[in-house]
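Chain residues, written in single-letter form:
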Amino acid sequence: MMKTALASAALRVALGVLALTGCTGAAADDPSTAASATGGPDARTEALWAGRTAYVGDNSKVIALVDQAGFGPLGTYTLSLWTTRPPYAVTIDLPHPAKPFEQTDFSEAATILLGTVSNLDAVHVTSQGKTYSLTAREATATLGRDVKTLGTDRQALADYLRSHED
């Protein structure tokens, strides 16, 4: 547990340094536009499929999945991982969102993250005192099937991504 807490603290420091030192792109792209830069649904499916992980505590994989899910490029957010005991969660803080928080739909990116991290129970997105949350149970209800199938069935992931193309 201590090792996980130290790893989580190190992750927050590393992401904070990245945020301070240099993202030269747009500051905080919104989820719907950030993901489209990955080359379409097939390339995105492959990247997400390759990045799947069983554990929230797999810091490097979770960081990559947050980016691939569509929360924006590294440096535009900070990440906190709750890995010590269930419910396991990820909190993504967007200090400078590209558009008003209330006008951003985080559900697709959060659903993807919940599906591709096996033990992830909840995704929280925060910005300037506002919070969006989605649990695996809520995502499952919305999908009409277990959200975890996005991480166990490549075709289900591809179909989900295609259904959310612009």
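Above this text is the structure in question.
Residues numbered from 1 in each chain as written. Predicted model: local features only at pLDDT ≥ 70, side-chain atom pairs only at ≥ 80, totals over all residues. Heavy atoms only, no water.

What follows covers the environment of Glu138. Looking at where Glu138 falls in the secondary structure, it is placed in helix α6 (residues 136–143). Take Glu138: its relative accessible area is 39%, and that puts it in the partly exposed class. Taking the C-alpha atoms as reference points, Glu138 and Asp121, 17 residues apart in sequence, are found 10.0 Å from one another. A polar side-chain atom of Glu138 sits 2.9 Å from the main-chain amide nitrogen of Thr135. (Helix = DSSP H or I, 4+ residues; strand = E, 2+ residues; numbered from the N terminus. Buried < 20%, exposed > 50% of the residue type's maximum accessible area, 1.4 Å probe, protein only. Polar contact = N/O pair within 3.5 Å; in protein donor to acceptor, adjacent residues only side chain to side chain.)

With that settled, the discussion passes to the packing of helix α4 (residues 59–71) against helix α5 (residues 107–116). At a minimum axis separation of 8 Å, α4 and α5 run at an interaxial angle of 145 degrees. Helix-helix and strand crossings are classified by hand; for α4 and α5 the assignment is right-handed. When α4 is examined against α5, the residues Leu65, Val66, Ala69, Gly70 and Phe71 are found in contact with a partner set consisting of Ala109, Ala110, Ile112, Leu113 and Thr116. (Axes fitted to C-alpha atoms, helices over the stretch in contact; angles between N-to-C directions. Left-handed = near helix turned anticlockwise from the far one by under 90°. Contact = heavy atoms within 4.5 Å.)

Moving on: α4. For α4, the full list of buried residues reads Asn59, Val62, Ile63, Leu65, Val66, Gln68, Ala69, Gly70 and Phe71. Of the residues one or two after α4, Gly72 is the one with positive phi, at around 120 degrees.

The next point concerns the pattern of salt bridges. In this structure the tally under the stated criterion is four salt bridges. For Arg154, the salt bridge goes to Glu46, with nearest N and O atoms at 3.0 Å. Here Arg154 is found in helix α7 (residues 154–163), whereas its partner Glu46 is found in helix α3 (residues 40–51), with 108 residues between them in sequence. For Glu46, a relative accessible area of 41% corresponds to the partly exposed category. Note that Glu102 and Lys130 form a salt bridge whose closest N and O atoms lie 3.2 Å from each other. Of this pair, Glu102 sits in the loop between β2 (89–93) and α5 while Lys130 sits in strand β4 (residues 130–135), placing them 28 residues apart in sequence. (Salt bridge = Lys/Arg side-chain N within 4 Å of Asp/Glu carboxyl O.)

On to the sheet that holds β2. The four strands lie next to each other as β1-β2-β3-β4, forming an open sheet whose pairing is mixed. Sheet topology places β1 (78–82) and β4 at the edges, where each strand pairs with a single neighbour. Neighbour to neighbour, the strand axes of the sheet diverge by 15 degrees on average, direction disregarded. Pairing of β2 with strand β3 (residues 122–127), which is carried by five bridges, proceeds in the parallel orientation. (Pairing = 2+ DSSP bridges.)

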